[in-house]
Every structure is written in C-alpha cells, then in structure tokens.
Amino acid sequence: MKQRYLALKIESEEPFEEGDIRDAVWSAVTKLFGEYGASQAGLFLVKYDKQKKQAVLRCSQKALTMVHASVASVTEIKNKRVSLHVLRISGTLRALGKKSRV
Amino acid sequence: MKKFVDLHLCVQFRDAEILRNMVSKSFESGYRLVGIPLPSNVQPDEVQNIRKICREAGLDFASRVDLTPRNTKELMTSLRRLRRKFEIVAVLCTSKPIARQAAKDHRVDVLSFPVAKPRDRFFDGAEAELAAESSSSLEIDMAPLLTLKGFQRIRLISCLRRETVIAKSFRVPVVISSGTTISHLLRKPQDYSALATLFNMDSSLALSALSEAPLRIVERNRLKLNPDFVAPGLRVVRRKDP
C-alpha cells in the first residue's frame with residue numbers, strides 16, 4: 001500500500017502535547033468521514049516537534065485528500081483555537097524533510 | 001503558477017493593525033489578490049488606505065460590496081448607485097425573487113446564499129440558467145464549513161454538493177472564498193481544494209474556483225471601470241490633445 005507523508009504546521013497560541021494533535025486529527029477524520037473512512041486512512045503521527053510546532057503525519061495514498069481535508073477542518077484543540085496547515089506532501093520521509101525541514 | 005484569489009476576506013478594515021495582520025496572513029497562505037467587503041458609504045481615502053496596506057503586504061486589492069436587499073426594487077436601486085463604485089458586487093439572496101433578479105442582472109458578479117437556512121438557498125436549475133446567461137458566479141464561503149458542527153454542517157455539505165452539480169451542468173462559474181472574519185479560520189488554497197472534495201468538487205475545478213474564476217471577474221470589472229472603456233471590445237486608445 002502506497003503511503004504519503006504530510007508535514008504540518010500547528011498555529012496556536014500555546015503548544016500542545018503529541019497526543020492532543022493525534023486525537024484532534026483522528027477526531028476530524030472520524031467526524032467528516034466516519035469510522036469506515038477513518039479505518040481506510042492508515043493514519044499515523046510519525047513525528048511531532050512541540051517547540052517548532054510542526055508534525056509529520058503518514059496516511060495511505062488513497063486517503064490523502066480525505067486526511068488533507070480533515071486536517072484543514074481542525075479549528076480547536078482542548079477548547080483552544082488552532083489551525084493546522086499542510087506545508088508539504090511527499091512520498092518519502094526523506095524528501096519531505098529536505099524541503100520542509102521538519 | 002496559479003494566482004490565488006480570496007474574494008471574500010471579511011476583515012475590520014478600519015482597524016489598521018487587524019487589517020495588516022489579516023492581509024499578511026493571507027499573503028503567507030499563498031493568496032495574491034483579496035477582495036474585502038466594504039460598506040456602501042466607504043470613503044475613497046479609506047479605500048486608498050486599504051489598497052496601500054495590501055500593497056505593502058504584497059497583495060492586490062479589489063473593492064467589494066455585499067448587498068443584502070429586502071426586495072428586488074431595493075436591489076435595482078443599490079446596483080444603479082453602487083455598480084461603478086466597486087470592483088466586485090455580491091448579492092446575498094435571501095428570497096427567491098431577489099435570487100432570480102440578481103441572477104439575471106449583468107451588474108451582479110457574485111451570488112451568495114444564506115448558510116444558516118438551507119431552505120433559503122435558491123440555487124436551482126432556473127437560477128443557474130439565468131446566472132450562466134449573465135455571467136454571474138456562485139460563491140461558496142468555506143468558513144462555515146469549519147465553524148458549523150454536526151447536523152448543520154451535514155446539511156450545508158449536502159446543499160453545496162447539489163449546488164456544485166447544478167453549477168457544473170449549467171456552466172456557472174463557482175468561486176471559492178474564505179469568507180472568514182478571523183485569521184485562524186483562514187486556510188491555504190490547497191486546503192480549501194481538499195475541503196471542496198467534501199461536496200464532490202474535484203481538485204482541479206476547486207483550484208480553478210480559487211484562481212481563474214475570481215480573477216476573471218476582477219479583470220473584467222477593472223476593464224469596465226477603466227475610464228477608457230466604452231463597450232465590450234471597444235476602448236479609447238488615444239485622446240485628442242486639448
């Protein structure tokens with residue numbers, strides 16, 4: 001199964017824990033596409049840098065648009081305003097790191 | 001490379017700091033032209049000030065007026081009074097007669113519909129046919145997709161899915177705008193393109209609704225508002241020296 005890596009930038013006033021980001025993305029996917037859709041996403045939080053407020057997500061290539069839409073739909077985490085921006089999408093972690101420097 | 005346009009950046013333009021933050025955020029997100037809705041009685045120096053702030057941020061600015069008429073008569077009066085003052089004229093269609101009148105009037109650039117009341121979204125086949133003839137576009141604001149929750153969002157997505165199918169079949173241009181008043185709801189064009197797949201709009205069409213379609217409206221109106229414009233295809237090339 002082909003996979004895609006998404007470099008994310010978390011825009012918020014304060015940093016969140018890794019689990020909060022993971023839960024927020026999972027919750028967004030489930031809200032928009034249901035449990036059936038989420039089961040096809042193959043979602044995994046590969047990296048999270050709390051200081052830089054950046055993260056790397058992995059998902060299946062087929063579910064890329066679904067995950068991208070879900071990430072874009074996140075507006076709050078723990079009742080705090082947040083926006084998640086997809087900086088770059090790549091097929092390999094190395095290529096993603098080269099350009100987005102996560 | 002595509003030039004992305006956000007035709008509906010609802011910012012408090014009288015607060016220079018907020019405006020500066022919002023337009024710089026817009027530039028960072030990848031937009032190169034923004035349409036900011038202004039009140040109909042806006043002063044020319046205020047417009048100049050907004051233009052200057054946008055230019056400093058690296059953005060092109062298009063003045064826009066959002067009309068919310070109570071009846072068709074009021075719509076016609078507003079259009080007569082304001083068409084030549086603004087680069088973009090949008091009409092929020094709150095009733096069927098207003099929607100029909102706005103769709104058939106060449107002076108209307110953008111048709112938008114209330115988000116809160118799906119029953120008041122009158123974009124059907126007849127509306128689309130009129131809009132296609134008068135080159136009006138259907139505007140989809142993305143901010144409500146992010147803010148609404150549960151059943152309300154489901155209903156909105158369902159309406160948008162139906163409307164985009166109708167727009168496509170009648171060749172009515174669709175314009176995707178942020179429609180946001182706060183910066184944390186602003187997303188990149190690629191994010192909006194991904195969100196547009198929720199209402200079955202494919203990625204290339206969505207990106208076109210964020211670039212070519214709104215750009216065409218602005219360019220067409222700038223040409224018309226130019227003092228050298230006489231009629232479509234006819235413009236003053238040179239004036240006789242006095």
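Note that the coordinates shown come from a computational prediction; the quantities given were computed from them, not determined experimentally.

Draft legend 1. Layout of the overall build of chain A. The helix and strand inventory of chain A stands at three helices and five strands. When the elements of chain A are put in sequence order from the N terminus, they spell out β-α-β-β-α-β-β-α. Computed over C-alpha atoms, the radius of gyration of chain A comes to 13 Å, within 12% of the 13 Å expected from 2.2 N^0.38 for 102 residues, which places it in the range of a compact globule. Over its C-alpha atoms, taken along the principal directions, chain A stretches across nearly 35 × 35 × 15 Å. Counting over 102 residues, chain A shows a buried share of 36%.

Draft legend 2. Focus on the interface of chain B and chain A. With twelve residues of chain B in contact, the opposing surface of chain A contributes twelve residues. Where the side of chain B that touches chain A is concerned, the elements lending two or more residues are helix H6 (143–147) and helix H8 (189–196) of chain B. Ranked by residue count, the leading element in the side of chain B that touches chain A is H8(B), at four residues. Considering only residue class, the side of chain B that touches chain A consists of five nonpolar, four polar and three charged.

Draft legend 3. Expanded view of the sheet that holds strand E3 (residues 54–60) of chain A. Residue and element names in this part refer to chain A. Read across the sheet, five strands follow the order E2-E3-E1-E5-E4 without closing on themselves; strand pairing throughout is antiparallel. Two strands close off the open sheet at either side, each with one partner strand: strand E2 (44–49) and strand E4 (76–77). Where strand E1 (residues 3–12) meets strand E5 (residues 80–90), eight bridges bridge the pair, whose relative direction is antiparallel. What sits directly across from Ala7, in E5, is Arg88.

Cut-offs applied
- Residues numbered from 1 in each chain as written.
- Chains lettered and ligands numbered in written order.
- Predicted model: local features only at pLDDT ≥ 70, side-chain atom pairs only at ≥ 80, totals over all residues.
- Helix = DSSP H or I, 4+ residues; strand = E, 2+ residues; numbered from the N terminus.
- Rg over C-alpha atoms; globule rule 2.2 N^0.38 Å.
- Buried ≥ 20, exposed ≤ 12 C-beta atoms within 10 Å, placed from the backbone.
- Contact = placed C-beta atoms within 7 Å.
- Nonpolar A, V, L, I, M, F, W, Y, C, P; charged D, E, K, R; others polar.
- Pairing = 2+ DSSP bridges.

All quantities given are derived from atomic positions and should not be read as evidence of function.
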